[in-house]
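Structural description and commentary
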Amino acid sequence: MNKIEHIGIAVKDIEASNSLFEKLFGEPHYKVEEVESEGVKTSFFKVGSNKIELLEATNDNSPIAKFIDKKGEGIHHIAFDVDDIEFEIERLKKEGFTVLNETPKKGADNKLVAFLHPRSTNGVLIELCQERVNKE
Ligand code: ZN
């Protein structure tokens, strides 16, 4: 794994949170994106070389809606940049982690992503992401 790619924060109202985080960082978000398959609307902020992703549920079955029901707003996942997501999925399965997406899926921000179940990672939802430059 290369580095933390971004940290995802679950919010109830992404418009309100966009203004809040704009005040916090002193700069507005640089993009919004809806990932229909996941039932989320996202926005991204740059903080130096780091990125923060805000996630709002777009329907009640969205994993973000379920997360907020259970735990309230807050840090939802930590995403790590990887060069070869298929290799990492195989490697982590062999190490005993519960991989939620055996086949990587298209995530926000032009990434291929896969998640590890928090039960296998001390309660932290881990996202692997690989830039989709050379992959379709
Ligand atoms: Zn993410």
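Residues numbered from 1 in each chain as written. Predicted model: local features only at pLDDT ≥ 70, side-chain atom pairs only at ≥ 80, totals over all residues. Heavy atoms only, no water.

1. Some words on helix H2 (residues 63-71)
This is how the line gets drawn: Buried, partly exposed and exposed residues are distinguished by accessible area as a fraction of the type maximum, computed with a 1.4 Å probe on protein chains only: under 20%, between the cut-offs, and over 50%, respectively. Secondary structure elements are defined from DSSP: runs of H or I of at least 4 residues count as helices, runs of E of at least 2 residues count as strands, and each element is numbered from the N terminus. As used here, the arc is the angular range of directions from the helix axis to the C-beta atoms. For this analysis, residues touch if any pair of their heavy atoms sits within 4.5 Å.
Those residues of H2 not exposed but buried are Ile 64, Ala 65, Phe 67 and Ile 68. Take H2 and look down its axis: the buried residues cluster within an arc of 160°, on one side only. Opposite the buried face of H2, by more than 90 degrees, sit the exposed residues Asp 69 and Lys 70. As for H2, its buried residues are in contact with strand E1 (3-10), strand E3 (40-47), strand E4 (50-57) and strand E5 (74-81). Two residues or fewer after H2 comes Gly 72, characterised by a positive phi angle close to 85°.

2. Quick look at the sheet that holds E4
Worth spelling out the cut-off: A pair of strands is labelled paired if DSSP reports no fewer than 2 bridges between them. Geometry is summarised by axes, namely lines fitted to C-alpha atoms with helices restricted to the contacting stretch, and by angles between N-to-C directions that run from 0 to 180 degrees.
Taken in spatial order, the eight strands line up as E2-E3-E4-E1-E5-E8-E7-E6 in an open sheet, and their pairing is mixed. Unpaired on one side and paired on the other, strand E2 (31-35) and strand E6 (105-107) mark the two borders of the sheet. Going across the sheet, the axis of each strand differs from the next one's by a mean of 35°, ignoring polarity. Where E3 and E4 come together, eight bridges link them in antiparallel fashion. Along E4, the bridge assignment pairs Lys 46 with Lys 51. Seen against the sheet, helix H1 (residues 14-25) touches E1, E3 and E4 and runs at an angle of roughly 5° to E3.

3. Quick look at the coordination of the zinc ion
Inclusion rule: In this analysis a donor is any N, O or S atom within 2.8 Å of a metal ion (3.2 Å for sodium, potassium and calcium), and since water is not included, sites may seem incomplete.
Protein coordination at the zinc ion: the donors are His 6 (NE2), Glu 53 (OE), His 77 (NE2) and Glu 127 (OE), at 2.1 to 2.2 Å from the metal. For the zinc ion, the donor residues sit on a single chain with the sequence spacing H-x46-E-x23-H-x49-E. Taken together, the residues Glu 53 in strand E4 and His 77 in strand E5 connect sequence positions 24 residues apart. Considered together, Glu 53 and His 77 belong to a single accessibility category, that of buried residues.

4. A word on H1
Here is the rule we go by: By this rule, a helix spans an expected 1.5 Å times one less than how many residues it contains. Residues adjacent in sequence count toward polar contacts only when both atoms are side-chain atoms; beyond that, a polar contact is any pair of N or O atoms within 3.5 Å, and within protein one must be able to donate a hydrogen and the other to accept it.
Relative to the 16 Å expected for 12 residues at 1.5 Å per residue, H1 spans 16 Å between its end C-alpha atoms, a close match to the ideal helical length. When H1 is considered as a whole, its buried residues turn out to be Ile 14, Ser 17, Asn 18 and Phe 21. Within H1, the buried residues cover an arc of 105° as seen down the axis, which keeps them to one side. Structural note: H1 exposes Glu 15, Leu 20 and Lys 23 on the side pointing more than 90 degrees away from its buried face. Residues of H1 that are buried in the fold lie against E1, E3 and E4. Capping the start of H1 is the job of one residue whose side-chain oxygen sits 3.1 Å from the backbone nitrogen of Glu 15: Asp 13. Taken from the residues just after H1, Gly 26 is the one with a positive phi, measuring 75°.

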